Amino acid sequence: MNIKLRLIVLSFLQFFIWGSWLITIGAYWFQTKEWSGAQFGAIFSTMGIASIFMPSLMGIVADKYMNAEKLYGILHILGGIVLFTVPLVTDPGTMFWVMLLNMIFYMPTLALSIAVSYYVLKSRGGDVVRDYPPIRVWGTVGFIVAMWTVSLLGFEKSANQFYVASAAAILLGFYSFTLPKCPPTAKDTPSRSLIDVLGLKSFALLRDTKMLTFFLFAMLLGAALQLTNAYGDTFLHDFDKIPAYQDTVAVKYPAIIMSISQISETLFILAIPFFLRRFGIKQVMFFSMIAWVLRFGLFAYGNPGDGLWMIILSCIVYGMAFDFFNISGSLFVESQTAPSIRASAQGLFMMMTNGFGAVLGSSLSGIIIQEYFTNADNTKDWHSIWITFALYALVIAVLFIILFKHEHNPQEVTSAHAEQHPQLAAE
């Protein structure tokens, strides 16, 4: 098999695993188990907790002690075994620990998939900047296919979604052992301090007011990302309680409707270079925040009937909301930091968005929904929930445009974009 095709299979399965349950676990939690919103928020925080430390620790192992493709395979097999046990869980407290263990195994594979792909491409004379993006886009395709698979099989509210994810994880785990060897690259080099390895020196950037402001807003936007991942699918499922909407496509197959968000994401990536050159990094990040306001606001007023266009438009807007901040933000970090700490600074950016931001958004949203927007009969006031989230994004946007001081420099954007390696985007 052609090596690029083999890496496409890797990328496809990597995100197929995640797409099998990430968007639909809310439907399983609220519709089938009928557990509380506060406890559900804790479930989504497991991604953030694992993202704070596991990628760096597994990076140490891959750098010095074990072939990356073997470590990658072992983590996926272990994660697959954990996912297989999820349907056996009968209480939300145990569910938290099981999903945390799953995330501990899964989150480092996101970085390891890139490391393996880069090493294999470079060892065969490839250009990662040119060759990797067409491979990585199949990860988004895998995420979408997983959502459609789970939806069409009728598993959105069923524990069977975890069996689908488990099978894909174990398959990818064994498949990775057949990939070209990726030996440790720092096996014979002197050991660095744990502070260096974990990229903690990059925290010195927070002494600069502009960088501190940027990373704080990165954390706040990271919190917003978790809200629609966690609640979008179950929001549409709740319309099943209204007879007029029970037979609509959006209620029967919510994950398929939500997958428009991922399709939009792939398209908006293509528009980023134009927007960056025309408006600059600060304005593009601001556009992202306004897109989040629209994302939540359209959900607040949409419905699966005559308001379906609002839900679809919300999913289209998601591409701008997600891509414009994540990619322009990584370019800002690239252009504002010294080469000696650039990789660590990118790690800090991901830690603030996918780590601390994810924990903040997941935990607080669950508590807020449970305390203020859950009725006595356990139904949710979705209109008020989405309006609250929209106001949150609007406040962030206004504060960002006032507090974040950065002048547009087209040359700075062009050079940073040219130097940057493709970044991994969490779906």
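Residues numbered from 1 in each chain as written. Predicted model: local features only at pLDDT ≥ 70, side-chain atom pairs only at ≥ 80, totals over all residues. Heavy atoms only, no water.

If you look the chain up in an unreviewed UniProt entry, it shows as Nucleoside permease from Hymenobacter tibetensis. Under the UniProt heading Subcellular location (unreviewed entry), the entry covering the chain gives this text: "Cell membrane". (UniProt positions renumbered as here; feature names shortened; annotations may be inferred.)

Enquirer: Help me understand the nonpolar core in this model?
Expert: Soluble globular proteins: nonpolar side chains tend toward being buried together. Ranked by size, the top nonpolar core spans 131 residues in total, and within it W18, W21 and M95 carry the most contacts. For this core, the leading source of residues is helix α5 (residues 92–123), giving 17 residues. (Core = buried A, V, L, I, M, F, W, Y, C linked by side-chain atoms within 4.5 Å. Buried < 20%, exposed > 50% of the residue type's maximum accessible area, 1.4 Å probe, protein only. Helix = DSSP H or I, 4+ residues; strand = E, 2+ residues; numbered from the N terminus.)

Enquirer: Looking at this structure, I do not really get the packing of aromatic side chains. What am I missing?
Expert: Aromatic ring pairs are described here by two measures, namely the spacing of the ring centres and the angle between the planes. All chains considered together, the criterion is met by 39 aromatic pairs. Ring centres of W18 and Y106 lie 5.3 Å apart, and the angle between their planes is 50°; on these two criteria the pair is classed as tilted. A residue pair is termed long-range when its members are at least 10 positions apart, and W18 in helix α1 (residues 3–19) and Y106 in helix α5 qualify at 88 residues. No difference in accessibility class separates W18 from Y106, as the two residues are buried. Taking the centre distance of 5.6 Å and the plane angle of 65° together, the rings of F40 and Y231 count as edge-to-face. (Phe/Tyr/Trp six-rings, centres within 6.5 Å; stacked < 30°, edge-to-face > 60°.)

Enquirer: Got a minute to help me understand the side chain of E69 in this structure?
Expert: If you trace the backbone, E69 turns up in helix α4 (residues 68–85). For the buried E69, which has no salt bridge, the nearest side chain bearing the opposite charge is K181, at an N-O separation of 5.0 Å. Among the polar contacts listed, one links the side chain of E69 to the backbone nitrogen of C182, at a separation of 2.8 Å. (Lys, Arg positive; Asp, Glu negative; His and termini not counted. Salt bridge = Lys/Arg side-chain N within 4 Å of Asp/Glu carboxyl O. Polar contact = N/O pair within 3.5 Å; in protein donor to acceptor, adjacent residues only side chain to side chain.)

Enquirer: Quick question: what am I supposed to make of helix α7 (residues 160–176) here?
Expert: Every α-helix carries 3.6 residues per turn, so stepping three or four residues along brings you back to the same face. Given a rise of 1.5 Å per residue, 17 residues ought to cover 24 Å, and the 24 Å separating the end C-alpha atoms of α7 matches this to within 8%. Among all positions of α7, only Q161, F162, V164, A165, S166, A168, A169, L172, G173, Y175 and S176 are buried. (Expected span 1.5 Å × (residues − 1).)

Enquirer: Would you explain the pattern of salt bridges in this entry?
Expert: Between side chains of opposite charge, pairing is possible as soon as their charged atoms come close. Scanning all chains against the criterion turns up one salt bridge. For the salt bridge of D238 with K241, the shortest nitrogen-to-oxygen distance reads 2.7 Å. When its relative accessible area of 15% is taken as the criterion, D238 is described as buried.

Enquirer: What should I look at first to understand the packing of helix α9 (residues 209–237) against helix α11 (residues 254–279) in this one?
Expert: Each pair of packed helices gets described by two things: the angle between the helix axes and the distance between those axes. At a minimum axis distance of 9 Å, the contact between α9 and α11 shows a crossing angle of 140°. On the basis of their axis angle, the class for α9 and α11 is oblique. Our pair here, α9 against α11, has a crossing hand that is right-handed. Two secondary-structure elements touch here, α9 through T228, G232, D233, L236 and H237 and α11 through P254, A255, I257 and M258. For the contact of α9 with α11, the class distribution of residues is five nonpolar, three polar and one charged. (Axes fitted to C-alpha atoms, helices over the stretch in contact; angles between N-to-C directions. Parallel < 35°, antiparallel > 145°, perpendicular 65-115°, else oblique. Left-handed = near helix turned anticlockwise from the far one by under 90°. Contact = heavy atoms within 4.5 Å. Nonpolar A, V, L, I, M, F, W, Y, C, P; charged D, E, K, R; others polar.)

Enquirer: I would appreciate a short explanation of helix α3 (residues 37–64) in the present structure.
Expert: An ideal rise of 1.5 Å per residue puts 40 Å on 28 residues; α3 measures up with 42 Å between its terminal C-alpha atoms. For α3, the principal kink sits at S51 and spans about 45°; a proline, P55, occurs within the next four residues. (Bend = angle between axes of the 7 residues up to and from the residue.)

Enquirer: What exactly am I supposed to notice about a nonpolar patch on the surface here?
Expert: Among the surface-exposed residues, I290, L294, L391, L394, V395, V398, L399, I402 and L403 lie close enough to one another that they form a single nonpolar patch of about 740 Å² accessible area. Put simply, the parts of the chain that give the nonpolar patch at least two residues each are α12 (281–301) and α15 (382–403). If one sorts the elements of the nonpolar patch by residue count, α15 sits on top with seven residues. As for its placement among the helices and strands, L403 is situated in helix α15. (Patch = residues over 30% accessible without salt bridge, like charges linked within 9 Å, V, L, I, M, F, W, Y side chains within 5 Å. Areas by Shrake-Rupley, 256 points an atom, 1.4 Å probe, with all protein chains shown as cover.)

Enquirer: Could you clarify how one ought to interpret the packing of α3 against α4 in this entry?
Expert: Relative orientation of the contacting elements α3 and α4 amounts to 140°, with a least axis distance of 8 Å. Judged by the angle between their axes, α3 and α4 are oblique. Listed contacts from α4 to M58, V61 and A62 of α3 are A68, L71 and L75. Classifying every residue of the contact of α3 with α4 by side-chain character gives six nonpolar, no polar and no charged.

Enquirer: Is there a simple way to think about the side chain of S264 in this case?
Expert: Examined against the element boundaries, S264 turns out to sit in helix α11. Take S264: its relative accessible area is 5%, and that puts it in the buried class. Within the structure, S264 has its side chain in polar contact with the backbone nitrogen of G319 (distance 3.3 Å). Other than its neighbours up to four places away in sequence, S264 contacts C315, I316 and G319.

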